Amino acid sequence: MSKPIIVITADSIVEPSAIINQVYADFAPRDLKEAVIKAGGIPIILPFPDDEKLGQEMAEALVSSFDGLIIPGGPDVDPTWFGEDPIRELGRTAYQRDAFEIPLVKAAKKAKKPIFGICRGLQVINVAFGGDLYQDLAKQNPDSYMKHSQLAPGGFPTHYVTVDSKSVFYSVLGEKSYVNSRHHQGVRKVADGFEATAVAADGVVEAIETSDGLVSAVQWHPENMWRADEKQFEVFKQFVSKC
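- In the annotation of an unreviewed UniProt entry, the entry for the protein reads Peptidase C26, and the organism field reads Streptococcus urinalis 2285-97.

Next comes the structure, spelled out in structure tokens:
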């Protein structure tokens, strides 16, 4: 049996400058690439163009060339995609990356290709299909009391999530999972056609998915935990098997 081709969208290394932000390289997390390989997939890193229109054209043209899509973590989603101006607490954004990933997930879903989102990836998927976000949980969500941007090393779990029994993740994670957490944005309105299927103790959405399970996403970073936590590796095996 041939191995599925899994594309991983890239982020960019940016060095702030007094004159202009210098962009040096496109990259994807090594831990994520290795998880896909070990789970039986062939990873391909997919950079985004600076030209928004070209990004949309590339997204539509690329769908036939892969079997599955992963949208990994990265900077904040630009709030203009869900009709808001930026608040002071908004972090670094990458509008051009949004402009590539949003049409890419739409095209992949239309083509019935499995999609998996991680952290920012969950937020991109939610926004792409009409949901919105808290630009900053501490500022905008009075019910959120937990530390969702941990100071512990990134691969260490720091809080639990409760997983819905109907979730695709329930079969590999069970009802409770101990996860890491590196985000300050979060889902406010869940997109139509999706369900929130895991939550933190303070109600912050930790996973979303479609009813057929072809599109699923988590707010934590299983790519940093899979070597030490077999259940987090099962998340990748499950996704690659869909592809």
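1. Some points on the pairing of strand β1 (residues 5-9)
The side chains of a regular strand alternate between the sheet's two faces.
Next, step 1: With four of its five residues buried, β1 lies for the most part within the structure.
Next, step 2: Note that β1 and strand β4 (residues 42-46) share five bridges and pair parallel. Directly across from isoleucine 8, in β4, lies its bridge partner isoleucine 45.

2. Thoughts on the nonpolar core
Burial of nonpolar side chains together is a common tendency in soluble globular proteins.
Next, step 1: Of all hydrophobic cores here, the largest spans 30 residues; its most connected members are Phe66, Leu69, Leu104, Val105, Ile115, Ile125 and Ile208.
Next, step 2: Of all elements in the fold, only β5 (68-71), α3 (95-110), α4 (120-128), β12 (205-210) and β13 (215-218) reach the threshold of two or more residues within this core.
Next, step 3: In terms of residue count, the dominant contributor to this core is α3 (six residues).
Next, step 4: Leave out the neighbours within four places in its chain, and leucine 69 touches Val7, Thr9, Leu104, Val105, Ala108, Pro114, Ile115, Phe116 and Phe239.

3. Thoughts on the environment of isoleucine 6
Next, step 1: Looking at where isoleucine 6 falls in the secondary structure, it is placed in strand β1.
Next, step 2: With 97 residues separating them in the primary sequence, isoleucine 6 and proline 103 have C-alpha atoms 17 Å apart.
Next, step 3: If sequence neighbours within four positions are ignored, isoleucine 6 has contacts with Val36, Gly41, Ile42, Pro43, Ile44, Gly68, Ile70, Phe239 and Cys243.

4. Topic: the packing of helix α2 (residues 52-62) against α3
Next, step 1: One can describe the packing of α2 onto α3 by two numbers: an axis separation of 8 Å at closest approach and a directional angle of 30°. Regarding the angle of α2 to α3, the classification is roughly parallel. Handedness of the crossing formed by α2 with α3: right-handed. Contacts between α2 and α3 involve Glu52, Gly55, Gln56, Met58, Ala59 and Leu62 from the first element and Tyr95, Ala99, Phe100, Pro103, Leu104 and Ala107 from the second.
Next, step 2: Residues that form the contact of α2 with α3 fall into these classes: nine nonpolar, two polar and one charged.

The rules behind these values
Residues numbered from 1 in each chain as written. Predicted model: local features only at pLDDT ≥ 70, side-chain atom pairs only at ≥ 80, totals over all residues. Heavy atoms only, no water. Buried < 20%, exposed > 50% of the residue type's maximum accessible area, 1.4 Å probe, protein only. Helix = DSSP H or I, 4+ residues; strand = E, 2+ residues; numbered from the N terminus. Pairing = 2+ DSSP bridges. Core = buried A, V, L, I, M, F, W, Y, C linked by side-chain atoms within 4.5 Å. Contact = heavy atoms within 4.5 Å. Axes fitted to C-alpha atoms, helices over the stretch in contact; angles between N-to-C directions. Parallel < 35°, antiparallel > 145°, perpendicular 65-115°, else oblique. Left-handed = near helix turned anticlockwise from the far one by under 90°. Nonpolar A, V, L, I, M, F, W, Y, C, P; charged D, E, K, R; others polar.

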